Amino acid sequence: MKKVLSIVLALALLCVTFAACAGNGTSSTSSASEESSAVSSESSAESESSASSEESTSTEKTKIGILAPAVTHGWVAGVAYYAEQRCKELSDTVDYKLYTSNNAEEMTSQIDDLKSWGAEAIVAFPQWEGMEVPIQEAIDEGIVVVNFDIEIAADGVYRVSGDNESMGVEGAKYIVDKIGTTGKVVVLDVPNSGSVAELRKKGFMDTMKEIAPDMEIVEYATKFTREDGQADFADILTSNDHIDAVYSMDDETSIGVLQAISEANRDDIKVITGGGGCQEYFNMMKENENIWIESSLYSPLMVKDAVDMALDVLAGKDVEPVKIISTTVVDRDNVDEYLDPENTVY
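Residues numbered from 1 in each chain as written. Predicted model: local features only at pLDDT ≥ 70, side-chain atom pairs only at ≥ 80, totals over all residues. Heavy atoms only, no water.

## What about the nonpolar core?
If you look at the biggest cluster of nonpolar residues, it comprises 56 residues, and the most contacted ones within it are Phe233 and Tyr281. With eight residues, helix H2 (residues 75-89) is the largest single contributor of residues to this core. Beyond its immediate stretch of four places on either side in the chain, tyrosine 281 contacts Asp251, Ser254, Ile255, Leu258, Ile272, Thr273, Gly274, Ile293, Glu294 and Ser295. Among the nonpolar cores identified, the runner-up in size contains 19 residues, and Leu114, Ala138, Val145 and Val157 belong to it. (Core = buried A, V, L, I, M, F, W, Y, C linked by side-chain atoms within 4.5 Å. Buried < 20%, exposed > 50% of the residue type's maximum accessible area, 1.4 Å probe, protein only. Helix = DSSP H or I, 4+ residues; strand = E, 2+ residues; numbered from the N terminus. Contact = heavy atoms within 4.5 Å.)

## Some remarks on helix H6 (residues 195-211)
Given 3.6 residues to a turn, an α-helix orients residues that are three or four positions apart in the same direction. Its 17 residues place the ends of H6 24 Å apart at the C-alpha level, agreeing with the 24 Å of an ideal helix rising 1.5 Å per residue. Here H6 has its buried residues at Ala197, Arg200, Gly203, Phe204, Met205, Thr207 and Met208. (Expected span 1.5 Å × (residues − 1).)

## A few points about the packing of helix H3 (residues 104-117) against helix H4 (residues 132-140)
One way to put it is that H3 packs onto H4 with a least axis distance of 9 Å and a crossing angle of 15 degrees. Classified by the interaxial angle, the pair formed by H3 and H4 is roughly parallel. Seen from above, H3 lies across H4 with left-handed handedness. Contacts between H3 and H4 pair Thr108, Ile111 and Lys115 from the former with Pro134, Ile135, Glu137 and Ala138 from the latter. Taken together, the residues that form the contact of H3 with H4 break down as four nonpolar, one polar and two charged. (Axes fitted to C-alpha atoms, helices over the stretch in contact; angles between N-to-C directions. Parallel < 35°, antiparallel > 145°, perpendicular 65-115°, else oblique. Left-handed = near helix turned anticlockwise from the far one by under 90°. Nonpolar A, V, L, I, M, F, W, Y, C, P; charged D, E, K, R; others polar.)

## Overview of the environment of serine 195
If you trace the backbone, serine 195 turns up in helix H6. When its relative accessible area of 47% is taken as the criterion, serine 195 is described as partly exposed. Put simply, serine 195 and glutamate 165 are 30 residues apart on the chain and 9.8 Å apart in space, counted from C-alpha to C-alpha.

## Observations concerning the pattern of salt bridges
Overall, the coordinates contain 16 salt bridges when judged by the stated rule. Ionic pairing is found between arginine 86 and glutamate 89, a salt bridge with its closest N-O pair at 2.9 Å. Here arginine 86 and its partner glutamate 89 are both found in helix H2, three residues apart, which amounts to about one turn of the helix. Exposure remark for arginine 86: the relative accessible area of 19% places this residue in the buried category. The exposure class of glutamate 89 is partly exposed, given its relative accessible area of 46%. Linking lysine 317 and aspartate 312 is a salt bridge whose minimum nitrogen-to-oxygen distance equals 3.5 Å. Via salt bridges that share partners, Arg86, Glu89, Lys304 and Asp308 belong to a single interconnected network. (Salt bridge = Lys/Arg side-chain N within 4 Å of Asp/Glu carboxyl O.)

As C-alpha cells, then:
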C-alpha cells in the first residue's frame, strides 16, 4: 500500500513540474512578441519622421528679396515689374518679398526687414547714395546681393547691367544704314544723367567718326522725359529747317520728339533712335511708316537676369561678379517679339 501511495505522489509531482514549465514558456513568448512589436513601431515612426523631413526639405523655397525705387510708371517702375514677374515664374522654388522705397533710409530699413524674414539673396536697385554700408553689412552676414544697373563700392556684391556705350554704337550704325554716310543728325544729349549719357554719346560719336566722318552732327541738351523731349525738340525744329535723323538716347525722350515732329508737320526726318524698352514707344514703330523708329535696348527686362544670378550663386555655380548685357536693336521689323500687352508700367 505504501508503495502504491509513493508512486501516486511521484506522478502528481511530475505533472506540477510540467505545468510550471509550460506556463513559463508562454510568458516568455508573449514578452518577446511585445518587444518585437515595440521595436517595429519605433522603426516605423522613425521611417515616417525621416520621410516627412525629406518631403519638407524638398519643398522648401529659396527666399529672395527685391528692392526697387517707388515709381509707378516708366523705366524704373519696369524694374520692379519684371523682377516680380521672374519670381512668379519661379514660384515653385522661390518665395519672394518686393519692397519699393523713396530714399536710402527707407531702403536700408527694408534690408533689415528682409534679414529678419530670412532672405538668402537680395536683388537691389539702389538709386541713392549711402547704400554701400547696409549692402556691405548684408553681404557680411552671408546674404547674396545682386545689384541691378547701379555700381556701388561693396566687397562681394554682384551686378547685372546693360551696355550703355554699345547703345551709342548701335544707334550710329542704324542711322547710317537708313540715311547713308552724309546728312544732318541732331544728337540729344542728357548732361544731368552722368555716365549714362556720357557712354551712350561716346559710343555714338566714336562710331560716326569711323563709319560716317562727313556726317553733320548738331548737339542739344534735353532730359530723359517725354515732356522735355517734346518741348526741347519743338525749339530745335524751329532752329533747323532740315534734319535727316535724330540720335535720342531714351524711348521716353523720343516719344516727346515724335509728338513735336507731328505738331510741326515736318516730314524731313527719316530716323529717330531711342533707348530702354518702352511698350508705348514700341507700338509707335509700325504706326509711323514714313520714319524709322528704333530702340537700342537697355531694358528693365535685364533684372530677370539679376534674379537668376542670385539663384545661381546660392546653388554654388561659378558666377562672374559682373554681367554686362549687350544691347539689342528693335524696330518695326522685329518689334512683335518684344511686345508685352500685360506690361502697363513701361
